[in-house]
Amino acid sequence: MKDSLTCQHCGTPVPATRSDQFCCAGCAYVFEMMHSQGFEHFYDLKSSQTLAPVSVQSMREQDYAWLEALIEDGRAELTLAVQGLSCIGCIWLIERLYSRMGGAQVLVDITRGELTLTWSPTEFSPVAFAKELQRFGYMLGPQRGDAIKDNTLERRTGICGAFAMNAMAFSLPTYFGMAPDFMFAKWFDLVAAISATLALFIGGSYFAERSWRSLRAGVLHIDTPITLGILAAYIGSLVGWVGGIPGLKYFDFVAMFIFLMLGGRWVQQAAVARNRRKLLRDPSIAETVIVAGKAVAVGEVKAGDHFEIKPGQAM
C-alpha cells in the first residue's frame, strides 16, 4: 500500500522511505504554506495533474543582487524567467501573491516560462516578491537571450507542410492508376514538381545553410546527410519527370520528407528551449561578489581587488 501513495502536493509517488504523504520535504513545506495562507484553491485548479516535485534549489538562500541591479534605474516593468510553472493553478497562485503584495499587473506566459511585472516603485518590491515566490517553489531569474522567440523555423515548417500536402494531393491520382496520357496528368505532375521545388528552397535551404557552415568549419554535422538525401531525392525526381520515368518521380516524398525533418527539428528546439528556461541560476555559483561593500559582477573583478563571496558559493 505504501508504494501506491502519491504526494499530496505534486502527485508523484511517495518513496517508501518517507513516513508521511509527501515525496520530499519541499513538497511538505509548500503544502503547509498553501493551507496556512489560504491558497487551498490551488489544488482544485491543479486537479489530478502531476507536478514536478519542489526543487531543492528553491529551498536554499538565493542572492537577488542581479534583480536589484535591474531595478536600480527606477523602472516599473520587467520580464523575468520563472522556473516551476506547470498548470493553471500556478498562474492563479502567482497572480494572488502579486496582488497581495501590492503589484499592479502580472502576466504569466506558461509556455515560455516567463512573467512580466508592472508595479509602482513606492508600493511594491520585486525582490520581496521573488523571495515570496521562492517559498512556494518558484524560482525567478533574468530573462535569457533565447527568450526572444525566433519564428523562422516555425514559419518554414508551416509553409512546407502546405507544400507537402499539395504535392501529395496532386500525386495521389498516379498511385490510384491515372494513365500518363490523361488530359490533366502533365498538369498534376507540374504542380507536384513546383510544390517540391518551393519546399526545397524554403525548407531544404535551412539544412543546406547549416550543413555548409559546418563543412566550412571542418565539422560533419547531422544536417549534411539530411541535405544530401533531400538533393538526391529531388534530382532523381526531376530526372524521372523530364525523362518520363515514372519510377523516379517522387516529388511528394521530397516535400513530405522536408516537412517531417523541419517538424522534428522544431520539436527538438522547442524542447531544448523549454529545458533551458528551467535551468535558472545555480545558487552555488556566484554571479556577483562584494568589493568594497558593493555588489560587483564576477566578470568586472580586476587584478588586485579584495572581494567576498557568500558561504557555500563558488566561482
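Now for a description of the structure that goes with this document. No experiment lies behind these values; they were computed from the predicted model shown. Note that residues are indexed from 1 along each chain, following the sequence as it is written. pLDDT decides what is reported in this predicted model: residues at 70 or higher carry local features, side-chain atom pairs at 80 or more are listed and counted, and totals for whole chains, interfaces and linings draw on all residues regardless. As a rule here, side-chain values come from all non-hydrogen atoms in the structure, and water together with hydrogens is ignored.

### Quick look at the overall build of the chain
Worth spelling out the cut-off: Secondary structure elements follow DSSP: runs of H or I no shorter than four residues count as helices, runs of E no shorter than two count as strands, and numbering proceeds from the N terminus. Here's how the labels work: a residue is buried when its accessible area is under 20% of the maximum for its type, exposed when over 50%, partly exposed in between, all with a 1.4 Å probe on protein chains only. Whether two residues are in contact is decided by their heavy atoms: any pair within 4.5 Å suffices. A 1.4 Å probe and the Shrake-Rupley method give the accessible areas. Residues count as covered only by the protein chains that appear here.
Scanning the chain from terminus to terminus reveals 9 helices and 7 strands. Across the 315 residues that make up the chain, the buried fraction comes to 38%. In the chain, the proportion of contacts linking residues at least 24 apart, taken out of those at least 6 apart, comes to 64%. Counting only carbon and sulfur atoms, one obtains 61% of the accessible surface of the chain, whose full area is about 17,900 Å².

### Describing the state of the cysteines
The following threshold applies: The rule for a disulfide is simple: a pair of cysteine sulfur atoms within 2.5 Å.
Taken as a whole and judged by the stated rule, the model has 0 disulfides. This cysteine, Cys 27, is not joined by any disulfide, and Cys 23 carries the nearest cysteine sulfur, 3.6 Å off. According to the relative accessible area criterion, Cys 27 is buried, its value standing at 0%.

### Considerations on the sheet that holds strand S3 (residues 114-118)
The criterion, for reference: Two strands are counted as paired when DSSP detects at least two bridges linking them. What counts as an axis is a line fitted to C-alpha atoms, over the stretch in contact for a helix, and the angles between N-to-C directions run from 0 to 180 degrees.
Read from one edge of the open sheet, 4 strands run S2-S3-S1-S4, paired in antiparallel fashion. The open sheet has two free edges, formed respectively by strand S2 (105-109) and strand S4 (139-142), since each of these has just one partner strand. Across this sheet, the average inter-strand angle for adjacent strands is 30°, counted without regard to direction. Across 4 bridges, the pairing between strand S1 (residues 77-83) and S4 is antiparallel. Of the residues in S4, the one forming a bridge with Leu 80 is Pro 142. Running at roughly 160° to S2, helix H4 (residues 88-100) makes contact with S2 and S3 of the sheet. Against the sheet, helix H5 (residues 126-135) makes contact with S3 and S4, and its axis sits at roughly 135° relative to S4, the strand it touches most.

### Here we look at the side chain of Arg 156
Put simply, the rule reads: Here Asp and Glu are counted as negative and Lys and Arg as positive; His is not counted, and neither are the chain ends. The salt bridge definition used is simple: a Lys or Arg side-chain nitrogen within 4 Å of an Asp or Glu carboxyl oxygen. Here a polar contact means two N or O atoms within 3.5 Å. Within protein one must be a hydrogen donor candidate and the other an acceptor candidate, and residues neighboring in sequence count only if both atoms are side-chain atoms.
Looking at where Arg 156 falls in the secondary structure, it is placed in helix H6 (residues 152-175). For the buried Arg 156, which has no salt bridge, the nearest side chain bearing the opposite charge is Glu 209, at an N-O separation of 4.2 Å. In this structure the side chain of Arg 156 is engaged in a polar contact, spanning 3.3 Å, whose partner is the side chain of Ser 205. Discounting chain neighbours no more than four positions away, the residues touching Arg 156 are Ile 202, Ser 205, Tyr 206, Glu 209 and Leu 262.

### A look at the packing of aromatic side chains
The criterion, for reference: In summary, the pairing rule links any two rings of Phe, Tyr or Trp, Trp by its six-membered ring, whose centres are within 6.5 Å, and it sorts them by plane angle into stacked for under 30 degrees, edge-to-face for over 60 and tilted for everything else.
Per the counting criterion, the structure on display carries 14 aromatic pairs. Centre to centre, the rings of Tyr 98 and Phe 129 are 5.0 Å apart; their planes meet at 75°, and the pair counts as edge-to-face. Of this pair, Tyr 98 sits in helix H4 while Phe 129 sits in helix H5; the two residues are 31 residues apart in sequence, bridging distant segments of the chain. In this pair, the class of Tyr 98 matches that of Phe 129, namely buried. Ring geometry for Tyr 206 versus Phe 207: centroids 5.2 Å apart, planes at 85°, classification edge-to-face. Relative accessible area serves as the criterion here: at 10%, Tyr 206 is assigned to the buried category. A relative accessible area of 0% places Phe 207 in the buried class.

### Details of the packing of H6 against helix H7 (residues 185-216)
Note the following rule: Each angle is binned into one of four classes, with values under 35 degrees roughly parallel, values over 145 roughly antiparallel, values of 65 to 115 roughly perpendicular, and all other values oblique. What makes a crossing left-handed is the near helix being turned counterclockwise from the far one by less than a right angle; a clockwise turn instead makes it right-handed. Three categories are distinguished: nonpolar for Ala, Val, Leu, Ile, Met, Phe, Trp, Tyr, Cys and Pro, charged for Asp, Glu, Lys and Arg, and polar for the others, with Gly belonging to the last.
Following both chains from N to C, one finds H6 and H7 inclined at 155°, their axes separated by 8 Å at the closest point. Put simply, H6 runs roughly antiparallel to H7. In this structure, H6 crosses over H7, and the sense of that crossing is left-handed. Of the residues in H7, those touching H6 at Leu 153, Arg 156, Ile 159, Cys 160, Phe 163, Asn 166, Ala 167, Phe 170, Ser 171 and Pro 173 are Phe 188, Val 191, Ala 192, Ser 195, Leu 198, Ala 199, Ile 202, Gly 203, Ser 205, Tyr 206 and Glu 209. Residues belonging to the contact of H6 with H7 are distributed by class as follows: 14 nonpolar, 5 polar and 2 charged.

### Some thoughts on the pairing of S1
For S1, a buried count of 5 out of 7 residues is recorded, marking the element as mostly surrounded by other parts of the structure. Note: S1 against S3, 5 bridges, orientation antiparallel. Each residue of the ladder has a partner; that of Leu 78, found in S3, is Leu 117.

### Description of H6
In an α-helix, one turn spans 3.6 residues; hence positions three or four apart end up facing the same way. Put simply, the test is: By this rule, a helix spans an expected 1.5 Å times one less than how many residues it contains. We define the bend at each residue as the angle formed by axes fitted to the 7 residues ending at it and the 7 residues starting at it.
An ideal rise of 1.5 Å per residue puts 34 Å on 24 residues; H6 measures up with 34 Å between its terminal C-alpha atoms. At Ala 169, H6 is bent by approximately 25°, the largest bend along its length, and proline Pro 173 sits one to four residues beyond. Every buried residue belonging to H6 is among Leu 153, Arg 156, Thr 157, Cys 160, Gly 161, Phe 163, Ala 164, Ala 167 and Ser 171, and all of these are buried. One or two positions beyond H6, positive phi appears at Gly 177, with a value near 95°.

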